[in-house]
Amino acid sequence: MHRIKPDEIFLTAFKGFPNSHLPVLHYLGVLKEFERKPSVVEELFYLHHWQGSWVNGIYSFDHFHSTTHEVLAVVSGQAKVRLGGPRGKGIDLSVGDVVVIPAGVAHARLWASLGFLVVGAYPEGWSWDLRRGDPKELPIVLDNLARVALPKTDPVYGADGPLVEIWKHVYERNRDKE
């Protein structure tokens, strides 16, 4: 598999959707050879310590996880997904695309083709919660987010993958501003 540099998508907070200073990483077509092979994608993620995998679609409502990051790999079909909540950014996803979503970043399926399917997983199998942007929950959410560590590996490329370098650099730059 040849290396693909991911697109970096930065989002800002909006009401009860905290989003993240870390960018969403979008690897275009990186796993295209694994079309309709969800078990192979699950195994790849597992080898790179992204575990607790599942195979399904993406919820059609804005939601996020405050206790973990998430990776989604498209294994069939295509979709338009909104990142960042109601005022967020839409991206198109196709077979082979991988999206790594930092904890706190809202995402929702706006449209999907028949048979759209993703493989999802979490770094080191961290447990996830489901948040829908309720502003009353924001203090709890922010407390949870403060405890989420950076992943040790990239779900596609492992320990020396782009995620490790990109997120570490952004994290350190953001920490220096505080």
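Only a predicted model underlies this, so the values are computations on that prediction, with no experimental measurement involved.

A.B. asks: Kindly report on the sheet that holds strand E8 (residues 107-112), identifying the contributing residues and their values.
C.D. replies: Across the sheet, 3 strands lie side by side as E6-E5-E8; this open sheet has antiparallel pairing. Two strands bound the open sheet, and with one partner strand each, they are strand E6 (89-93) and E8. Put simply, the sheet's adjacent strands are angled 25 degrees from each other on average, direction ignored. Taken together, the 5 bridges between strand E5 (residues 79-83) and E8 define a ladder with antiparallel strand orientation.

A.B. asks: Outline the side chain of Ser76, listing residues and values.
C.D. replies: Relative to the assigned elements, Ser76 resides in strand E4 (residues 70-76). Of note is the side chain of Ser76, whose polar atom sits 2.5 Å from the backbone oxygen of Gly115. Among residues more than four places away in sequence, those in contact with Ser76 are Arg36, Val95, Gly115, Phe116 and Leu117.

A.B. asks: Please give an account of unusual backbone geometry that cites residues and values.
C.D. replies: What you tend to see is this: most non-glycine residues have negative phi, and most peptide bonds are trans. For Lys15, which is not glycine, the phi dihedral falls at a positive 50 degrees. Its place among the elements puts Lys15 in the loop between strand E1 (7-9) and strand E2 (24-27). The exposed category is assigned to Lys15, whose relative accessible area is 65%. A positive phi angle, near 70 degrees, is found at His49, a position not held by glycine. By the element assignment, His49 lies in the loop between helix H1 (38-47) and strand E3 (50-56).

A.B. asks: Give me the lowdown on helix H3 (residues 162-177), citing residues and values where you can.
C.D. replies: Over its 16 residues, H3 runs 23 Å from end to end, which matches the ideal 22 Å to within 8%, given 1.5 Å per residue. By the burial criterion, the buried members of H3 are Pro162, Leu163, Ile166, Trp167 and Val170. Looking down the long axis of H3, one finds its buried residues gathered within 100 degrees of arc, a one-sided arrangement. For H3, the exposed residues lying more than 90 degrees away from the buried face are Glu165 and Asp176. Where H3 is buried, its residues contact E1, E2, E3 and strand E7 (98-101).

A.B. asks: An account of the packing of aromatic side chains is needed here, citing residue identities and associated values.
C.D. replies: In this structure the tally under the stated criterion is 4 aromatic pairs. Note on Tyr27 and Tyr157: the rings are 6.1 Å apart at their centroids and 55 degrees apart in plane angle, and the pair reads as tilted. You can see Tyr27 sitting in strand E2 and its partner Tyr157 sitting in the loop between helix H2 (138-146) and H3, a full 130 residues away along the chain. Residue Tyr27 shares its accessibility class with Tyr157, and that shared class is buried. Ring geometry for Tyr122 and Trp128: centres 6.4 Å apart, planes at 20 degrees, overall stacked.

Cut-offs applied
- Residues numbered from 1 in each chain as written.
- Predicted model: local features only at pLDDT ≥ 70, side-chain atom pairs only at ≥ 80, totals over all residues.
- Heavy atoms only, no water.
- Pairing = 2+ DSSP bridges.
- Helix = DSSP H or I, 4+ residues; strand = E, 2+ residues; numbered from the N terminus.
- Axes fitted to C-alpha atoms, helices over the stretch in contact; angles between N-to-C directions.
- Polar contact = N/O pair within 3.5 Å; in protein donor to acceptor, adjacent residues only side chain to side chain.
- Contact = heavy atoms within 4.5 Å.
- Buried < 20%, exposed > 50% of the residue type's maximum accessible area, 1.4 Å probe, protein only.
- Expected span 1.5 Å × (residues − 1).
- Arc of directions from axis to C-beta.
- Phe/Tyr/Trp six-rings, centres within 6.5 Å; stacked < 30°, edge-to-face > 60°.

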